[in-house]
Amino acid sequence: MQIKAIAALLILLSSLATVAEPPQRVVSVNLCSDQLLLMLADPQQVASVSYLSRDPDSSFVADQAAAFPLNHARAEEIIRLKPDLILVTPHTNPRLRTTLKKLGYPLHPLSLGHRFDDIVEDIRQLATRLGQGSRGESLIQQMQKRLQSEAEEPTHPPTAIFLQPRGYTSGSDTLQDEALRLAGWHNLAAQQGVEGYTPVPLEQVLHWQPGTIFTSAYTGSGDSLAERQLHHPALQRLLAKHPMVEIPYKYWICPGPMLADAVALLQQARVRERDR
Amino acid sequence: MSLLNGRALSLSRGQRPILKDVDMTLQPGEMLGLIGPNGAGKSTLLRILAGVIEPDAGELTLDGQGVESLPHQARARRIAYLPQLSEIAWPMSVERIIELGRTPHLEPWQSVGDEDREIIDRVTRQTDLLAFRDRAFNTLSGGEQARVLLARALVTEPDILLADEPVSALDPAHQLDVMNLLRQHCENGHSVIVVLHDLSLAAHYCHRLQLLHQGSTLAEGSAEAVLNEKNLADAYDIALTKTNGKVLKPTSLPWRRLHKDD
Amino acid sequence: MIAAVRQHRLMLSLGGAIVITALLSLTIGSQPLPLMQALQESFGEKAGVYSLILTELRIPRTLIALLAGASLGLCGAVMQSLLRNPLASPGLVGSASGAALGAVITLYFGFAGLFAYALPLGGMAGALLATLTVYLLAGRDGGTLTLILAGVAVNAFALALVSLLLNLAPSPYAVQEIALWMLGSLANVSRNELWILLPGTILGWLLIWRQGRPLDLLTLGEETASSMGADLPNLRRRLFLAVALAVGSAISVTGAIGFIGLVVPHLLRPLVGYQPSRLLIPSAMGGALLLMLADMGVRLLPVQGEIKVGVVTSLIGAPFFLWLILHHRGRDV
């Protein structure tokens, strides 16, 4: 009985291995795929991650990334790593992509869509490909739980926009728009027909009269006209009662599980705003 | 006491001396002719007298006082300088350019007044420029331009007018006109120092001549005394022509103005 | 007498055009602004969004365009008269690119945070240094060709340094601001920038005040001018400083805006009888007018974001300038 069971298990395992043997030398060339890879794969599956993954200002996996060789998305580096899977994104240089494909390396594309469902789908597909399906499902469940924990939907969502240095705002089909919606905010920029990341004149922002302005300046170091624009006196007067809320930039670089944390930050801001 | 007095004026450019210990003096009402071959230092001496360049050594006095102690504008009211080459940067009208000659008499906030206007009108008439008043400077002939620049210097009504070859671009008739104007300036009690290449004109119009050669004064005094055969040979390397055994003196002017000659 | 009347008429027309343009400039933007309502709000108890846009955005922007344009036009006229060269202008003799370089060094490398006027001081120092370099390279009596060559060299060097420094700057946004410094922009300026601009501008203008007479005399050549009472070394020092102050202040707020200092004095010179002293104030007015118009053009063009105002001044300026060259070809001007 016991032997039978073990034998059956062995047969099952070996058959699984032949159907889809999990890759053992995965290379990621982009911060977004780096983060998903390090969250989902076993460490021994990872051959290399991109150099940006170690930057603590941008990466959520900076500590883990320290253990792996880095690459700069150059074909020569990647070939030398002898990968059995390469993760590519829509941002990957098309020439690099064609070269790798021509040389016969298996590629796994991530969609990096901005909707929550796109993120779930990316995680699920990558986890399956890595042979880490259950780890992927638990990550997805964590995200969903995090979203529901504070999700009492307001009947009248308060208005907000994102305003970045140089006057960039986030319209429809952006991570910020999705996060605002999930956190119970009303994104005025999307409502006014702004699509994607677009610079808007300051006058426009004043006309919109957003209740709250979120910003995610890239770093605090150095000075620039772009950053000075956020201190424009007109904006200061608009913000006199509702100070600008800073959400760290690293939440918005990549669509991924960190979106749930960003939503949580936005929800907290909404609760603070309500309790004023 | 002399009006303008220069003593031991010297100037070098690098190693090359241009003026060596030149003395000069000018009396009120006098017309002094500076003559000499090219490169003798005439223009340099005139520019030093005008205050445009400073001598390396020597002293220059006006009414017995050092010229350098005079403020720029006060000096400009008393000494006017008419350089040999005058490019005008912008095509201003003749009237505007002549008007500029009154600048030394105006305070920074003043503009040209009625009295100034009278002087300008008179000089414009004297220099035969009435018809050209509204013309742009650059549309005039060389001779007309020279007269405009002279008019500009004359409206300053300076005690001393320094003119560097004022007639070189002019036809004979206008040469005489200009020389007559300079002489008239002297007759009004002012003084003139004029650089001339035409020895006949110099001899005829100037009260006194100073002959420069290689940066030094070779001779100085009346035309008769200066323009002798030895000086002309030394300075210019020329000899006087003899006709029928008689020497043609440069003091005899071979032509005169038909209408305006007085 | 007739000339004086003509001069008054010219200044009145320019003044009228400036007032009308300034008012129009207040009403033009991404959204139409009901001016009366905005004014009522501004003077009323409760400040609304219209008054906010009017007082914090459009009035500072219009005033900065007016002041910076006036400085560029005025300094163009001053440089051309001083150097007796119709091509001398803040853009050509290096003042503008030098000012941009100075401003970039102060802004992006942390000096601007030290005290409020570090930025315009950087611009002034850069303008002065670049202009003096061109002046020394070209020589006092350098011809047009030498001046242009020296100007081209110094401009190229300064703008290359601007590019390099913006790439090296600690702020990740710096690189994207290269175009702004090279072409100039008035987008989103505030009253802070107005205060930064003002002192150097006024000081510069005051230094130029009453220097028209010696500039007139310079028309006759340096030696004649000096014999007529102009203190040329003093005049040169004073006017170089004035241009550095005014242009340095303007450029450190707006970036290097081209062509105004070159074209405006050129266009107006025949209208004032070519006399330098009569050219100064009209050039300032013309510069103010041109920059305000160009800035309105920038706001009206249907492009996403805003194009740089220098693009428009050059688009207006360059054809005018070509026309001028063709017009004067064959004449000795």
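Residues numbered from 1 in each chain as written. Chains lettered and ligands numbered in written order. Predicted model: local features only at pLDDT ≥ 70, side-chain atom pairs only at ≥ 80, totals over all residues. Heavy atoms only, no water.

Observations concerning the sheet that holds strand β10 (residues 216–221) of chain B
Residues and elements named next belong to chain B. Stated formally: Two strands form a pair only when DSSP identifies at least two bridges running between them. Runs of H or I in DSSP of at least four residues are treated as helices and runs of E of at least two as strands, each being numbered from the N terminus. Whenever a helix is involved, its axis is fitted only over the stretch in contact; in every case the axis is a line through C-alpha atoms, and angles between N-to-C directions fall within 0 to 180 degrees. Contacts are assigned to residue pairs with any non-hydrogen atoms lying within 4.5 Å of each other.
Strand order in this open sheet of six strands is β6-β7-β8-β3-β9-β10, and the pairing throughout is mixed. The sheet terminates laterally at β6 (79–82) and β10, the two strands that pair on one side only. When strand polarity is set aside, the average angle formed by the axes of neighbouring strands in this sheet is 15 degrees. Bridge count between strand β9 (residues 208–213) and β10: five bridges; the pairing is antiparallel. Each bridged residue has a counterpart across the sheet, and for H213 the counterpart in β10 is S216. The strands touched by helix α6 (residues 172–187) within the sheet are β3 (31–35), β7 (160–164) and β8 (191–195), with β8 carrying the most contacts at an inclination of about 150 degrees.

Some details on the confidence of the model for chain B
Using the following cut-off: In predicted models, pLDDT denotes the confidence assigned by the predictor to each residue on a 0 to 100 scale.
Of all residues in chain B, 95% attain a pLDDT of 70 or more, and the chain-wide mean is 91. The ipTM assigned to the predicted complex is 0.91, against a pTM of 0.87.

As for the nonpolar core
We count it as follows: Among buried residues, those of type Ala, Val, Leu, Ile, Met, Phe, Trp, Tyr and Cys that are joined through side-chain atoms within 4.5 Å constitute a nonpolar core. In this scheme, a residue with accessible area under 20% of its type's maximum is buried, one over 50% is exposed, and one in between is partly exposed, where area comes from a 1.4 Å probe on protein chains only.
B:M31, B:I35, B:L182 and C:W181 are the most contacted members of the largest nonpolar core, which totals 148 residues. Beyond its immediate sequence surroundings of up to four residues, B:I35 is in contact with B:K42, B:L196, B:L199, B:A202, B:L209, B:Q210, B:L211, B:L212, B:V226, B:L227 and B:Y236. The next biggest cluster of nonpolar side chains, apart from the first, holds 48 residues, and it includes A:C32, A:I123, A:A127 and A:L259.

Quick notes on the pairing of β3(B)
Residues and elements named next belong to chain B. For β3, the buried fraction is high: five of the five residues fall into the buried class. A two-sided burial pattern is seen for β3, the buried positions comprising M31, G33 and I35 on one face and L32 and L34 on the other. By the bridge criterion, four bridges tie β3 to β9 in an arrangement that is parallel. Bridged to G33 within β9 is L209.

What to know about the interface of chain C and chain A
Our working rule: Once two parts are put together, the accessible area they lose, assessed with a 1.4 Å probe and summed over both, is termed the buried area. Salt bridges are identified by distance alone: a Lys or Arg side-chain nitrogen within 4 Å of an Asp or Glu carboxyl oxygen. In protein, a polar contact means a hydrogen-donor-capable atom and an acceptor-capable atom, both N or O and within 3.5 Å, with residues adjacent in sequence counting only if both atoms are side-chain atoms; elsewhere, any N or O pair within 3.5 Å suffices.
On the chain A side, the residues contacting the 31 residues of chain C number 29 residues. The largest share of the area that chain C buries against chain A comes from C:L52, C:Y173 and C:N188, three residues that together contribute 23% of it. Applying the counting rule to chain C against chain A returns two salt bridges. Linking chain C to chain A there are ten residue pairs in polar contact (both at pLDDT 80 or more). The set of elements that each furnish at least two residues to the side of chain C that touches chain A consists of α3 (49–82), α4 (95–108), α7 (178–183) and α8 (191–208) of chain C.

As for the packing of aromatic side chains
Quick reminder of the rule: In this scheme Phe, Tyr and Trp rings, the latter by its six-membered ring, pair at centre separations within 6.5 Å, and the angle between planes marks the pair as stacked below 30 degrees, edge-to-face above 60, and tilted otherwise. Any Lys NZ or Arg CZ found within 6 Å of a ring centre and within 35 degrees of that ring's normal is scored as a charge over the ring.
By the definition in use, this model includes five aromatic pairs over all chains. Aromatic pair C:Y135 and C:F240: ring centres 4.9 Å apart, planes at 55 degrees, arrangement tilted. Taken together, the residues span a long stretch of sequence, with C:Y135 in helix α5 (residues 118–138) and C:F240 in helix α11 (residues 232–254) at a distance of 105 residues. Linked through ring pairs, A:F162, A:W185, A:F214 and A:W252 together constitute an aromatic cluster. The ring of A:F60 has A:K250 sitting right over it, with the charged end atom 4.9 Å from the ring centre. The ring of B:W90 carries the charged tip of C:R269 above its face, separated from the ring centre by 4.0 Å.

Digging into the interface of chain C and chain B
Counting residues at the interface gives 30 residues for chain C, matched by 34 residues for chain B. In total, chain C and chain B occlude about 2600 Å² of area from one another, counting both sides; carbon and sulfur atoms represent 58% of this. Per-residue buried area on chain C facing chain B is highest for C:R213, C:L220 and C:E223; these three make up 24% of the total on that side. Joining chain C to chain B, the criterion identifies two salt bridges. Salt-bridge contacts for B:E87 lead to C:R84; the nearest nitrogen and oxygen are separated by 2.6 Å. Here chain C and chain B share nine residue pairs in polar contact (both at pLDDT 80 or more) between them.

Structural notes on the state of the cysteines
Put plainly, two cysteines are in a disulfide when a covalent bond ties their sulfur atoms together. The line we're drawing: A pair of sulfur atoms, both from cysteines and within 2.5 Å, is called a disulfide here.
A full pass over the atoms with the stated rule returns one disulfide over all chains. Here A:C32 connects covalently by a disulfide to A:C254, the sulfurs 2.0 Å from one another. Note on the A:C32 and A:C254 pair: the S-S dihedral is about -85 degrees, so by sign convention the disulfide is left-handed. Of the two residues, A:C32 sits in helix α2 (residues 31–40) while A:C254 sits in the loop between β11 (245–246) and α13 (258–275), which places them 222 residues apart along the sequence. Judged on exposure class, the residue A:C32 and its partner A:C254 are both buried. Take B:C206: it sits in no disulfide, and the sulfur closest to it among the cysteines is that of B:C186, at 8.5 Å.

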